[in-house]
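# Observations on the model geometry
If you want the building blocks of each chain, they are given just below.
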Amino acid sequence: MTDYKELFEQAKALCEGGVWSISAYANVSSLLFGNMERVSWAGFYLAGSAVDKAPAQPENDRLLLGPFCGKPACIVIPFGKGVCGTAAAKKETVVVEDVECFPGHIACDPDSRSEIVVPLIAGGRCIGVLDIDSNEKGRFGEADREGLEAICRMLEKTVSES
Ligand code: SME
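Not measured: the values here are computed from a predicted model.

Here we take up the site of the ligand. Close to the ligand lie 13 residues; Val83, Cys84, Ile106, Glu115 and Asp133 are nearest. Asp133 is positioned such that a nitrogen or oxygen atom in its side chain is 2.7 Å from an oxygen atom of the ligand. Summarising the interface, the protein chains cover 99% of the accessible area of the ligand, which totals 310 Å² for the free molecule. When residues of the shell around the ligand are traced back to their parent elements, those giving at least two are strand E1 (41–47), helix H3 (82–90) and strand E6 (125–134). With three residues, H3 is the single largest residue contributor to the shell around the ligand. Residues belonging to the shell around the ligand are distributed by class as follows: eight nonpolar, two polar and three charged.

This next bit is on the packing of helix H2 (residues 21–35) against helix H4 (residues 142–161). Two elements in contact, H2 and H4, have axes separated by 10 Å at closest approach and are oriented at 160°. One element, H2, and the other, H4, form an angle in the roughly antiparallel class. For H2 against H4, the interelement crossing comes out right-handed. From H2, Ser21, Ala24, Tyr25, Val28 and Leu32 reach across to H4, where they touch Leu148, Ile151, Leu155, Thr158 and Val159. Residues belonging to the contact of H2 with H4 are distributed by class as follows: eight nonpolar, two polar and no charged.

So, about the packing of aromatic side chains. Applying the stated rule across the entire model yields three aromatic pairs. Arranged with centres 4.8 Å apart and planes meeting at 40°, the rings of Tyr25 and Phe44 form a pair that is tilted. Here Phe44 lies in strand E1 and Tyr25 lies in helix H2, a separation of 19 residues in the sequence. Aromatic side chains Trp41 and Phe68 sit 5.1 Å apart centroid to centroid with 15° between the ring planes, which places their arrangement in the stacked category. One end of the pair, Trp41, is in strand E1; the other, Phe68, is in strand E2 (residues 62–70), with 27 residues separating them in the sequence.

Turning our attention to the pairing of E6. Counting buried positions along E6 gives nine out of ten residues, so the element sits mostly inside the fold. Examined bridge by bridge, E1 and E6 share six bridges and lie antiparallel to one another. Residue Ala42 lies in a different strand from E6, and its bridge partner there is Ile132. As defined by bridge partners, strand E5 (residues 114–122) adjoins E6 across nine bridges and the pair is classed as antiparallel. In the strand pairing of E6, Ile116 is matched with Ile132.

Residues at a pLDDT of 70 or more form 93% of the protein, whose mean pLDDT is 91. Strand E4 (residues 94–96) holds the highest mean pLDDT among the elements of the protein, 98, whereas strand E3 (residues 76–78) holds the lowest, 89. Confidence over residues 49–54 falls short of pLDDT 50; this stretch has twelve contacts with residues more than four positions distant or in other chains.

A few words on the sheet that holds E5. Taken in spatial order, the six strands of this open sheet run E3-E2-E1-E6-E5-E4, and their pairing is antiparallel. At either end of the open sheet lies a strand with only one pairing partner, and these are E3 and E4. Going from strand to strand, the sheet's axes swing by 25° on average, the running direction of each strand aside. Sitting on the sheet, H2 is in contact with E1, E2, E5 and E6, with an inclination near 155° to E1. Against the sheet, H3 makes contact with E1, E2, E3, E4, E5 and E6, and its axis sits at roughly 35° relative to E5, the strand it touches most.

Cut-offs applied
Residues numbered from 1 in each chain as written. Predicted model: local features only at pLDDT ≥ 70, side-chain atom pairs only at ≥ 80, totals over all residues. Heavy atoms only, no water. Near = heavy atom within 4 Å. Polar contact = N/O pair within 3.5 Å; in protein donor to acceptor, adjacent residues only side chain to side chain. Areas by Shrake-Rupley, 256 points an atom, 1.4 Å probe, with all protein chains shown as cover. Helix = DSSP H or I, 4+ residues; strand = E, 2+ residues; numbered from the N terminus. Nonpolar A, V, L, I, M, F, W, Y, C, P; charged D, E, K, R; others polar. Axes fitted to C-alpha atoms, helices over the stretch in contact; angles between N-to-C directions. Parallel < 35°, antiparallel > 145°, perpendicular 65-115°, else oblique. Left-handed = near helix turned anticlockwise from the far one by under 90°. Contact = heavy atoms within 4.5 Å. Phe/Tyr/Trp six-rings, centres within 6.5 Å; stacked < 30°, edge-to-face > 60°. Buried < 20%, exposed > 50% of the residue type's maximum accessible area, 1.4 Å probe, protein only. Pairing = 2+ DSSP bridges. pLDDT = per-residue confidence, 0-100.

Structure representation (structure tokens):
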């Protein structure tokens, strides 16, 4: 079982002291990938000017590949497309038990079987998403949703203050 209390404290420590947003995303990707069991990819897609440390602008309509750990992945995902784009458009976490049953799932890795995507929100807009994949069906549940959402709430503050 993932110890989300411990992971939250470690993520917070990595993000303290006005860390540049990209450095925070990179270290949190590494932390999650290294400490979550049966995970094949962990990282961030960033919307538009999130890259420039500012809240996303209204015209942002796509997610761009950001810091991650795992195999190379697709670079651009329009809002509304795939699991990541759906979470970004809805501004809600999406948990997919079986990617083959999610219409429009974007298969960066053919071995991926389940996925969780948590949006990052600042100023009422989606500035990016945290995406975690697994080669095991039904890998992600309520504890993962709660734990990862708490880390994302902390990250939203870090990146908007940095
Ligand atoms: N499967 C995602 C694409 C990103 S990769 O999983 C890293 C999706 O459907 O949005």
